[in-house]
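Structural overview for review
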Amino acid sequence: MNYRMFFIFLCLNVVFTPQISLQYEVNNIAVLYHEDDPWNSEIAVHTVIQHFNTRYDKKYRMGTRFVSKEDHLSTNITVCDLTYEDEGVIGVIGPSSPQSASLVQGICSKLEIPHIQYHWTPNISVTKQDSVVINFYPDATLLAKGLAVIVNHMKWKGFTVLYEDTDSLVRLSEVLKLAGSTHNPVVVRKLDFGDDYRPLLKEVKNFTENPIILDCSLDRILPFLNHAREVNMLQVFHRYLLVNLDAHTLDFSHLDNNANITTIRLFDPKSPKVFNVMEHFKKVRESNDHDRFSQKFQLTNSKTSYPLKAGALRVQTALLYDATFILIEAFMQIGRDGIKSESLMCDDQKQWKDGFALTSFMRVRSVDEGLSGPISFDFEGRRTNFRLELIEIHEDGAAQVAEWLPNLQNNLSLTRNESAHEKQVAQSLRKGKVIVISKLGMPYLRKKDAKDLDVSDDDHDYEGYAMDIIKEIASNLNFTFEFKITDVYGTYDTTTGSWNGILGELIERRAHLAICDLTITHQRRSLVDFSLPFMNLGVSILYSKAKVQEETNKFAFMEPFDFEVWVYTVSLYFVISTLVYVLCRIAPGDWENPHPCDPNPEELENIWDLKNCFWLTLGSIMTQGCDILPKGISSRMGTSMWWFFSLIMTSSYTANMAAFLTKAAMGTTIYNAEDLAKQTKIKYGTVEGGATQAFFRNSNFSTYQRMWANMIQARPSVFEKSNGEGVRRVNNTKNQLYAFLMESSSIEYEMEKNCNLKQVGGLLDSRSYGIAMPLNSEYRSAIDQTLLKLQERGVLARLKTKWWKEKVVKEVACDEGEDSDASNDALALANVGGVFILVGFGLAIAFVFALTEFLWNVRKVSVEEHISYWTALKLELTFAANVWITKKRVRPDHSESSSSDGSDTKSIAQRVLQGAGSILNLKAFH
């Protein structure tokens, strides 16, 4: 049937229904209502009847009766009266309650009169009574599947179901099956019978911030949302799905709504078809003909009326319109064969012979676009073709975002373009204050000093790189925000079964955004959404530079040997020297002729006294040798063993000394992660519960697995609560015995602050920081677009320079000209100063011995020459002071003493010439 022609015809003709003339065949249609049904539904039936009555010879009349939901006997009598009076009926429409409809269905089945239903009913096994039933309400199984597809499209990890009765649970059966594939538990609560929903809402709020799926009668939706607003559950991050198909007809404007409210409908109330039908409804209601019908059939029930405008068209009215239209149209098409209604009694066994044929014909009919959408039925009379439109409620009205039809299976057809979606998302962000969760830690975020506070700044308490990025995004998207601080990134608590920290706040939707040094990982991505990266980086090693020791060991040259080795070496020196002395005394070969020219000496002498023996062994171990050597076999053998010992000891000392001094100068050295993994002296760790820890824990690379094993076995623990504590541990651990594994961007910042720190090796992986938000956040695309703009304009690079370079407060300044990448390899005086002290000490002892020998020799001369001690001392000192004389008399010349005064008067020049003459062997000056 061409609906456009139908409406044009109605608009051009008088809308008054002519008085039914007795010369026309009249066919009755029974319509059953309840007292609480909207009387406007009658207009839909009457409009269709008027349409056919004004166009065709066959006339139709609506027999309307009110029936009780509780009094089934009265309902039975009413239906039987309708089927018997006035040549019976060609069909029975209604009533709307399942209990009364079941009774009517039994009567119609017995009489084989088509029974048209327009209410929701669960699918049960097919019986004989279903042979004449056609239900224009969407099939319960397909409707449940469609709801599940819609919820699954929203990708909610968890949700809360609030239902009114058991029918609600049946409608949501497929939705509840999704609970098995979600991470968070699904909460199911029944609405209380009273009018106060606040206790239930508070209970739900304390338990979870999951989206709420509400299935209840239409009159309870607005009171429920009003109470949700009172308990602060209509904020930007709250989501509601209203299952009632008439929810879109409600006026949500007075709610001052910031939440995301989504509902479902069967048809677009703003479509031209709906608009034209509603205009015709108004004309029918205003017609006098309608007044006569109302008086005759007692239709007026002003308590349940609603305005006749497109946005207020409810499902029941649309279904009644489609049901009446298809019933009459089908009767007309098969009525060409002469079929007509019959008067039937409920107590009789007679049946309408054409009823089953009419029902079957209606079941095979399909309508591409009825008032309630596309219509078709299966062979059991269930409606299998319809359209579910997904609607978002906004301040400026409702907007369709997607639709689902049974032939789409598990897919949704999106009807909103991307630009419209982004515009709507931006508007939703402006509704309230956006909560941004973060973690204190420079250069990303820190609390401002009191002197730096700016009363003109809405968020003047904090500053940092993260704050500046959020300010730029808020400026572009025109929303306000507030920072909320937590201490941890987020870990899973097995006892409570929930996440804490930043991740917990996002999962529970207590925050809209999260920004800090939060790494994008696979696990986190399964829990929350991330924006495009605003920084790319990788894990590296933070280590301290070699520090100059404040207390250096000047006798470090002795450290290559242990003290015990030194004691044994010195003791062996004395033992070997004494032993050589004994061997030389015993060995005949060491007794020599003092006069080589005399072949038969009377005496032999032995030059190996203790002094020469000690000198021989000392020269050997000092690798300097000696001018005299033993000649006996035994003495040579003993000396050679000492030489062998000296060779090993001096070589070992030289090697160890070089290694020790080099190590002391360079400090402990590592160059990459492999060096860390191969040693056990230097401990290393990460932030507890962070992405870096997860990287090592989950890595399959052997080096990183070995490092992870070392970290978890280390005692005390090598893990720190934050990057700041890890950096402090690197600085405070002595002898460079701790390294900290952290993100390269944070290492750059710490190196700018402290020149005692350095980065070791390259990046161990590649990762990114992103802005986190609750899963399936609609504003993620808007955030991504804004970040791309900031990156293209160079804003992100400028902000990094600001907080990594310009705003850095130096804790340890760098020395000018200092090479930060290399240590000074030169050995300082502090490293070898002990050698100079030892030389000085030895020379001082030698001088003491020389002075002692000199004074002893003076005494000897004074005794032998029979002169005074002071005279001998004067003679020896005078001779010693004359550095040009290289020969000394065996016995001193006494005349030198008597003429000493004259000698003392010689000029200095003469002494110099005399010395020069002796050097040139000139005798002229003697």
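Along each chain, residue indices are assigned from 1 in the same order as the chain's sequence is written. Given that this is a predicted model, residues contribute local features only at a pLDDT of at least 70 and side-chain atom pairs are listed and counted only at 80 or more, while totals for whole chains, interfaces and linings are drawn from all residues. To get the side-chain values, take all heavy atoms of the structure and skip hydrogens and water.

As a further point, take the overall build of the protein. From N to C terminus, the protein includes 32 helices and 31 strands. For the protein, the residues scored as buried account for 48% of the 926 residues in total. Contacts in the protein between residues at least 24 apart in sequence constitute 70% of all its contacts with a sequence separation of at least 6. Residue burial considers only the protein chains on display, and all accessible areas are found by Shrake-Rupley using a 1.4 Å probe. Only carbon and sulfur atoms are counted for the fraction: they give 54% of the accessible area of the protein, which is about 47500 Å². Strands are runs of DSSP state E lasting at least 2 residues, helices are runs of H or I lasting at least 4, and numbering of each runs from the N terminus. Only protein chains enter the accessibility calculation, which uses a 1.4 Å probe; a residue is then buried when its area is under 20% of its type maximum, exposed when over 50%, and partly exposed in between. Whether two residues touch is decided by their heavy atoms; if any such pair falls within 4.5 Å, the residues are in contact.

Let us now look at the sheet that holds strand 6 (residues 160-163). Any two strands are treated as partners once DSSP identifies two or more bridges connecting them. Reading across from one edge, 7-6-8-9-10-14-15-16 is the order of the 8 strands in this open sheet, with mixed pairing throughout. Edge positions in the sheet fall to strand 7 (187-190) and strand 16 (413-414), since each has one partner strand and no second. By the bridge criterion, 4 bridges tie strand 6 to strand 8 (residues 212-215) in an arrangement that is parallel. Along strand 8, the bridge assignment pairs Leu162 with Leu214. Comment: axis = line fitted to C-alpha atoms, over the contacting stretch for helices; angle = value between 0 and 180 degrees taken between N-to-C directions. The strands touched by helix 5 (residues 140-154) within the sheet are strand 8, strand 9 (239-242), strand 10 (260-265), strand 14 (388-394), strand 15 (397-404) and strand 16, with strand 14 carrying the most contacts at an inclination of about 50°. Where helix 8 (residues 198-207) meets the sheet, it contacts strand 6, strand 7 and strand 8, and its direction lies at approximately 170° from that of strand 7.

Detailed reading of the predicted coordinates is not advisable wherever pLDDT falls low. This prediction gives the protein a mean pLDDT of 80; 81% of its residues lie at or above 70. When the criterion is pLDDT under 50, residues 1-22 qualifies, and its contacts beyond four places in sequence or with other chains add up to 40 contacts. Each residue carries a pLDDT score, the predictor's confidence in it, ranging from 0 to 100. Here residues 288-305 scores under 50 on pLDDT; set against residues more than four positions off or in separate chains, the count is 44 contacts.

Next up on the list: the packing of aromatic side chains. Here a pair means two rings of Phe, Tyr or Trp (six-membered ring of Trp) with centres within 6.5 Å. Their orientation is stacked below 30 degrees between planes, edge-to-face above 60, and tilted elsewhere. Across all of its chains, the model carries 34 aromatic pairs by this definition. Judged by centre distance (5.7 Å) and plane angle (65°), the rings of Tyr197 and Phe224 are edge-to-face. Of the two residues, Tyr197 is situated in the loop between strand 7 and helix 8 and Phe224 in helix 9 (residues 221-230); the sequence distance between them amounts to 27 residues. According to the relative accessible area criterion, Phe224 is buried, its value standing at 1%. For the ring pair Tyr444 and Tyr769, a centre distance of 5.9 Å and an interplane angle of 80° mean the geometry is edge-to-face. Taken together, the residues Tyr444 in the loop between strand 17 (434-439) and strand 18 (446-447) and Tyr769 in strand 30 (residues 767-769) connect sequence positions 325 residues apart. Comparing Tyr444 with Tyr769 shows no difference in burial state: the two are buried.

Packing of helix 18 (residues 563-586) against helix 19 (residues 610-621) leaves a shortest axis separation of 8 Å and a crossing angle of 135°. Relative to helix 19, the element helix 18 lies oblique. The hand of the helix 18/helix 19 crossing is right-handed. Residues Thr569, Tyr573, Phe574, Ile576, Ser577, Thr578, Val580 and Tyr581 of helix 18 lie in contact with helix 19, whose contacting residues are Leu610, Cys613, Phe614, Leu616, Thr617, Leu618 and Ile621. Classification convention: Asp, Glu, Lys, Arg as charged; Ala, Val, Leu, Ile, Met, Phe, Trp, Tyr, Cys, Pro as nonpolar; all other residues, Gly among them, as polar. Of the residues belonging to the contact of helix 18 with helix 19, the class tally is 11 nonpolar, 4 polar and no charged. By the definition adopted for this analysis, an angle is roughly parallel if under 35 degrees, roughly antiparallel if over 145, roughly perpendicular if from 65 to 115, and oblique otherwise. By definition, turning the near helix anticlockwise from the far helix through less than a right angle yields a left-handed crossing, and turning it clockwise yields a right-handed one.

Turning our eyes to something else, we now look at the pattern of salt bridges. One speaks of a salt bridge when a side-chain nitrogen belonging to Lys or Arg is within 4 Å of a carboxyl oxygen belonging to Asp or Glu. The full count for this structure, using the stated rule, is 31 salt bridges. Across the pair Lys282 and Glu279 runs a salt bridge, and its minimum N-O distance is 3.5 Å. You can see Lys282 and its partner Glu279 sitting in helix 10 (residues 272-286), 3 residues apart, about one turn around the helix. When its relative accessible area of 30% is taken as the criterion, Glu279 is described as partly exposed. Within this structure, Asp139, Asp378, Glu380 and Arg382 form a network of salt bridges that share partners.

This brings us to a nonpolar patch on the surface. On the surface, Phe847, Leu851, Leu855, Tyr869 and Trp870 cluster together into a nonpolar patch covering about 560 Å² of accessible area. Listed by contribution, the elements that provide at least two residues to the nonpolar patch are helix 28 (829-864) and helix 29 (869-881). Sort the elements by how many residues they give to the nonpolar patch and helix 28 lands first, with 3 residues. When you line up the elements, Tyr869 lands in helix 29. Each patch is built from residues that are more than 30% exposed by relative accessible area and take part in no salt bridge. Like charges join if they lie within 9 Å; nonpolar side chains (Val, Leu, Ile, Met, Phe, Trp, Tyr) join within 5 Å.

Turning our attention to the environment of Val687. Note that Val687 resides in the loop between strand 27 (683-685) and helix 22 (691-698). Along the primary structure Val687 and Val718 are separated by 31 residues, whereas in three dimensions their C-alpha atoms are 8.9 Å apart. Leaving out residues up to four positions away in the same chain, Val687 has contacts with Tyr489, Gln693, Glu720, Lys721, Ser722, Asn723 and Phe740.

So, on to the side chain of Ser372. With respect to the element layout, Ser372 can be found in the loop between strand 11 (366-370) and strand 12 (373-377). We call two N or O atoms a polar contact when they sit within 3.5 Å, provided that within protein one can donate a hydrogen and the other can accept it, with sequence-adjacent residues counted only if both atoms are side-chain atoms. Here Asp322 takes part through its side chain, which lies 2.6 Å from a polar atom of the side chain of Ser372. At a separation of 3.0 Å, a polar atom in the side chain of Ser372 contacts the side chain of Arg383. Sequence-distant contacts of Ser372, that is, excluding residues within four places in its chain, are made with Leu266, Phe267, Ala318, Leu319, Asp322 and Arg383.

Right, let's get into the state of the cysteines. The definition used for a disulfide is geometric: two cysteine sulfur atoms within 2.5 Å. Under the definition given, this model contains 1 disulfide. Each sulfur of the disulfide joining Cys80 and Cys346 lies 2.0 Å from the other. The disulfide joining Cys80 to Cys346 has a torsion of about -115° about its S-S bond and is therefore left-handed. Taken as a pair, Cys80 in helix 3 (residues 72-84) and Cys346 in the loop between helix 12 (315-334) and helix 13 (355-364) lie far apart in primary sequence, 266 residues in all. The two residues Cys80 and Cys346 agree in class, both being buried.

A word on the sheet that holds strand 28 (residues 738-743). The sheet built from 4 strands is open, its strands ordered 27-28-26-29 with mixed pairing. Since the sheet does not close on itself, it has two edges, and those belong to strand 27 and strand 29 (757-760), each with one partner. If you compare each strand with its neighbour and ignore which way they point, the axes differ by 30° on average. In the sheet, strand 27 pairs with strand 28 via 3 bridges, with the strands oriented parallel. Bridge pairing in strand 28 links Tyr684 to Ala739. Across the face of the sheet, helix 23 (residues 702-713) comes into contact with strand 27 and strand 28 while running at roughly 100° to strand 27. Of the strands in this sheet, strand 26 (539-544), strand 28 and strand 29 are in contact with helix 25 (residues 744-753), which crosses strand 28 at around 120°.

This brings us to the pairing of strand 14. Here strand 14 lies mainly inside the structure; 7 of its 7 residues are buried. Of the two faces of strand 14, the one carrying Leu388, Leu390, Glu392 and His394 and the one carrying Glu389, Ile391 and Ile393 are both buried. Here 5 bridges tie strand 10 to strand 14, and the two strands are oriented antiparallel to one another. Along strand 14, the bridge assignment pairs Ile261 with Ile393.

Moving on: the pairing of strand 15. The pairing of strand 14 with strand 15 spans 7 bridges and is antiparallel. Following the sheet pairing, Leu390 is matched in strand 15 by Ala402.

Once that is clear, we can look at helix 10. Its 15 residues give helix 10 an end-to-end C-alpha distance of 21 Å, which sits within 8% of 21 Å, the value for a rise of 1.5 Å per residue. For helix 10, the full list of buried residues reads Lys273, Val274, Val277, Met278, His280, Phe281 and Val284. Across the axial projection of helix 10, the buried residues extend over an arc of 160°, all falling on one side. Seen from the buried face of helix 10, the exposed residues on the opposite side, beyond 90 degrees, are Pro272 and Glu286. By this rule the span expected of a helix is its residue count minus one, scaled by 1.5 Å. This arc corresponds to the set of directions leading from the helix axis out to the C-beta atoms.

Here the focus is unusual backbone geometry. Cis geometry marks the peptide bond from Gly94 to Pro95, where omega comes out at 0°. By secondary structure assignment, the location of Pro95 is in the loop between strand 3 (92-93) and helix 4 (98-111). Put simply, Met442 and Pro443 share a cis peptide bond, and its omega is 5°. Tracing the backbone through its elements, the reader meets Pro443 in the loop between strand 17 and strand 18. In this structure, Gln409 takes a positive phi of about 60° despite not being glycine. Position of Gln409 among the secondary structure elements: in the loop between strand 15 and strand 16. Owing to a relative accessible area of 44%, Gln409 belongs among the partly exposed residues under this scheme. Despite not being glycine, Asn478 has its phi angle at roughly 60°, a positive value.

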